[in-house]
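Fold and contact review
If you want the building blocks of each chain, they are given just below.
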Amino acid sequence: MNVNKHNTLDNLSDEKLVELYKKMLLIRKCEEHLSSATKEGAFPGAVHLYIGQEAIAVSMCDHLTEDDWISSTHRGHGHFIAKGGDVNTMMAEIYGKATGICNGKGGSMHVADFKKGIMGANGVVGGGMGLAIGAALAASMDKKNKVSVVFFGDGAANQGVLMEAMNISSLWKLPLIFVCENNQYSEFTHTSEVTSGKIVDRAKPFGIPTLEVDGNNFIEMWQASAQAVLRARNNQGPTFIEAHTYRQRGHVEFEYSFLSRTYRDQDEVNKWLANDKDPLLRFEQYLFDNSIIDNQKTEALNNEIDSVVKESVSFAVNSPLPDLSSAFNNMIA
Amino acid sequence: MSRMRMMPAINSALIEEMDRDKKVILYGEDAGISLLGQTTGLQERFGKDRVRDTPICENIMTGMAVGAAAAGYRPICHLLYGNFIYTGFDSIANQAAKLKYMTGGQITLPIVYMAVIGGGRSAAAQHSDTPYPALMNLGGIKVVVPSSARSAKGLLKAAIRDDNPVFYLTAGSSGKPEEVPDDDFILPIGKAEILREGNDITIVAIGPMVLKAVEASLALEKIGIHAEVIDLLSLLPIDEETIINSVKKTGRLVIVDEARDVCSAASHIAAIAADKAFNSLKSPVKRVTVDNLAIPYSPILEDQVIPNVENIVNTVRELI
Ligand SMILES: Cc1ncc(C[n+]2csc(CCOP(=O)(O)OP(=O)(O)O)c2C)c(N)n1
Ligand SMILES: [Mg+2]
């Protein structure tokens, strides 16, 4: 399957495009805050940041409603926000507070909001696969044209469960979209050192249509998402998208506090931070080129998002810690 | 003797055993760079043939250990966190634990599966489990849980030389530095150590809980209670003799374990005491363990769930 180049963003209003840009900006700025807050020890636990991959979650989730499902990964803040998760309760969760979306029980790796179709970040690589399949099964039985999306990494693509997921979803024509975010690293190892062949090609023998896109190109990713979601909604079965991107930050923030050596060149990282590679800067340029935003507007948007993030942080900081007794509830119904 | 923490002690045991026996190979996700520090520098020293970075594929990793062992190697399969034992569980439970028996003893399976266990780091439920109860119920495998740099080294060397699948589970943090023997230092699997002697009560502790049990015994001493602290070290085989002899002397038993309570090492030890030291017991056997819960993220919740020194002291005081 090819990405449908005719289906451009032309049919999106300027306001809508600005909304999408704002969402990417919100993810970026939340993550930047978490990066610096980690160094200050402002919250417990570790964070895996989504910086550099924002276009993928935001463009895919633009085609979804709250009735659709997503499952995500340990690098899950971006998916949570893109799918409409509340930033305040996400931040409070990461700060381990009672007001967190999981009452402080899950933390960064488990932010979830089932009411909004967010089955959550996941601490087990490949763990989201079964969840998304199950939701797709439910959706196919409901017959309400709901769809289910599984976001997973290049590293997760090497888990055997991917083969099981591709087989059963194709066999049962489930309304499922595989989104493999190939950010070139699996922890501290380059994908090429642990992966044979092309990941996207793995779907082909199962009869699953595939799309390979530049995941840092918002427009391309948005178009691919549109096609895949349409197929799923029309009961045409799963689609497999491999989105090429780059993990701008480390695997986990502050990783050089425990790693004994480096594993990638700073030159390589810098290349991906540049205007022509970074997904946020590229989308910003697109909006500039189409006179949808100008410097003044960009500054205003940045200020607006800064204050949203600031508010979420003060919400988190000022929230109470969980009640001690809550450690013992929720385990079984 | 050298002063070192646990991860460097593990590292030195791996180096010594890989130097000694060319059949020892090691693989795991990011084994080269080493996320947790056990395997730092091994790839540079022994090459990418013997020390391999695997894709993320725990089910094959655990299974191929069985095949490689049957074919003459002594694989060390590094599974990072104890929770990923679950992702690789099929081959552990259905192959590693049974293949020798099912095939009438045709093979030996000298495998070491290693992982870190336990919470206390705000890593939440999928990175904080202590999964050895499930392993202890399989038969056909050994389980060791070192508690210190010294025992980490001695037990790893023993595990690598053992002809059975051995689960080698330690805390994720490196703990305090201590004196570790430089020579060929081996601690026998299946032998517990008495860390502190006492006549009033026996405290059996496992892995990351051992330090807390020792701390508790120091606090108890101040109020005139002399606890005998046993560092269990091996869960399977279990050193029944050391436990029973101690309980016969003290008449009381508390077991401290970071695993969930149901069908646990702690409940198994309680059963052994009921069975073999019943007439010596002056009070009920108590278990200080984790409730049937997942480990929560927020530190104040996590502190509620994981046994601490105060819990141990209070439990002992209830009995005496
Ligand atoms: C089952 C399992 N095995 C191993 C890990 C440890 N781990 C966490 S993230 C990760 C790498 C994941 O790489 P990828 O899927 O590419 O996601 P990315 O981090 O690049 O977003 C590994 C090995 C885990 N969390 N779960
Ligand atoms: Mg990756």
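Residues numbered from 1 in each chain as written. Chains lettered and ligands numbered in written order. Predicted model: local features only at pLDDT ≥ 70, side-chain atom pairs only at ≥ 80, totals over all residues. Heavy atoms only, no water.

**A word on the overall build of chain A**
The criterion, for reference: Secondary structure follows DSSP: runs of H or I at least 4 residues long count as helices, runs of E at least 2 residues long count as strands, and numbering of each begins at the N terminus. For the radius of gyration, the atom set is restricted to C-alpha positions; the globular benchmark scales as 2.2 Å times the number of residues to the power 0.38. Each residue gets one of three labels from its accessible area relative to the maximum for its type: buried under 20%, exposed over 50%, partly exposed in between, using a 1.4 Å probe on protein chains only. The criterion used for residue contact is that any of the two residues' heavy atoms lie within 4.5 Å. Note on areas: Shrake-Rupley with a 1.4 Å probe; residue coverage comes only from the protein chains shown.
A count of helices and strands for chain A gives 10 helices and seven strands. For chain A, whose C-alpha radius of gyration is 19 Å, the value lies close to the compact-globule estimate of 20 Å for 333 residues. For chain A, the proportion of its 333 residues judged to be buried stands at 59%. Taking contacts inside chain A between residues at least 6 apart in sequence as the whole, the part at least 24 apart equals 74%. In the form shown here, chain A has an accessible surface area of approximately 13,600 Å², with 51% of it arising from carbon and sulfur atoms.

**So, the domain arrangement of chain B**
All names here are of chain B. Condition: Residue ranges for the domains originate in an automatic or database domain assignment. Accessible-area loss on putting two parts together, using a 1.4 Å probe and summing over both, is the definition of buried area adopted here. What makes a salt bridge here is a side-chain nitrogen of Lys or Arg within 4 Å of a carboxyl oxygen of Asp or Glu, nothing more. Under the rule applied, a polar contact is a pair of N or O atoms within 3.5 Å (in protein, one hydrogen donor and one hydrogen acceptor; residues adjacent in sequence only if both atoms are side-chain atoms). Just so you know the grouping, Ala, Val, Leu, Ile, Met, Phe, Trp, Tyr, Cys and Pro go in nonpolar, Asp, Glu, Lys and Arg go in charged, and all remaining residues, Gly too, go in polar.
Split by domain assignment, chain B resolves into domain 1 (2–180) and domain 2 (193–319). Taking the mean C-alpha position of each, domain 1 and domain 2 sit 26 Å from one another. Opposite the 27 residues of domain 1 that make contact, domain 2 presents 28 residues. Each partner contributes to the roughly 2,100 Å² buried at the junction of domain 1 and domain 2, and carbon and sulfur atoms together form 59% of this total. Three residues stand out in domain 1 for area buried against domain 2, namely S122, M136 and S147, and they jointly supply 26% of the buried area on that side. The interface formed by domain 1 and domain 2 holds two salt bridges in total. D129 is the partner of R260 in a salt bridge, and the nearest nitrogen-oxygen pair spans 3.0 Å. Where domain 1 meets domain 2, there are 12 residue pairs in polar contact (both at pLDDT 80 or more). Of all the secondary-structure elements, those providing two or more residues to the side of domain 1 that touches domain 2 are α7 (132–136), β6 (142–144) and α8 (149–161). In terms of residue class, the side of domain 1 that touches domain 2 is built from 14 nonpolar, eight polar and five charged.

**A closer look at the packing of aromatic side chains**
Residues and elements named next belong to chain A. Rule in force here: Working definition: rings of Phe, Tyr and Trp (its six-membered ring) pair if their centres are within 6.5 Å, and the pair is stacked with planes under 30 degrees apart, edge-to-face with planes over 60 apart, and tilted otherwise. Any Lys NZ or Arg CZ that is within 6 Å of a ring centre and within 35 degrees of that ring's normal is treated as a charge sitting over the ring.
Counted according to the given criterion, the structure contains 15 aromatic pairs over all chains. With 5.9 Å between their ring centres and 65° between their planes, Y185 and Y263 make a pair best called edge-to-face. Of this pair, Y185 sits in strand β4 (residues 185–186) while Y263 sits in the loop between β7 (239–244) and α8 (266–273); the two residues are 78 residues apart in sequence, bridging distant segments of the chain. Through a chain of ring-to-ring contacts, the aromatic side chains of Y185, F188, Y246, Y256, F258, Y263 and W272 assemble into a single cluster. The lysine or arginine in question, R264, covers the ring of Y185, its NZ or CZ lying 5.2 Å from the ring centre. Sitting over the ring of W272, K277 keeps its end group 4.5 Å from the ring centre.

**Here we look at the nonpolar core**
For clarity, the cut-off: Put simply, buried Ala, Val, Leu, Ile, Met, Phe, Trp, Tyr and Cys residues joined by side-chain atoms within 4.5 Å make one nonpolar core.
By size, the foremost hydrophobic cluster in this structure holds 68 residues, and its most contacted members are I177(A), F218(A), I241(A) and F283(A). Leave out the neighbours within four places in its chain, and I241(A) touches M60(A), I177(A), F178(A), V179(A), C180(A), L211(A), V213(A), M221(A), A224(A), S225(A) and A228(A).

**Quick notes on the sheet that holds strand β3 (residues 51–53) of chain B**
Residues and elements named next belong to chain B. To keep things clear, this is the line we draw: Two strands are said to pair when DSSP picks up at least two bridges between them. Here an axis means a line fitted to C-alpha atoms, over the contact stretch when the element is a helix, while the angle between two N-to-C directions is reported on a 0 to 180 degree scale.
Spatial ordering of the open sheet is given by β3-β2-β4-β5-β7-β6-β12, a layout of seven strands whose pairing is mixed. Two strands bound the open sheet, and with one partner strand each, they are β3 and β12 (234–236). Going across the sheet, the axis of each strand differs from the next one's by a mean of 20°, ignoring polarity. Of the strand pairs in this sheet, β6 and strand β7 (residues 166–171) are connected by three bridges, and their pairing is parallel. Bridging from a neighbouring strand, V144 pairs with Y168 of β7. Here helix α2 (residues 42–50) sits on the sheet and contacts β2 (24–28) and β3; the angle it forms with β3, its principal contact strand, is near 75°. Its contacts with the sheet place α8 against β2, β4 (74–81), β5 (112–117), β6, β7 and β12, and it is angled at close to 160° to β7.

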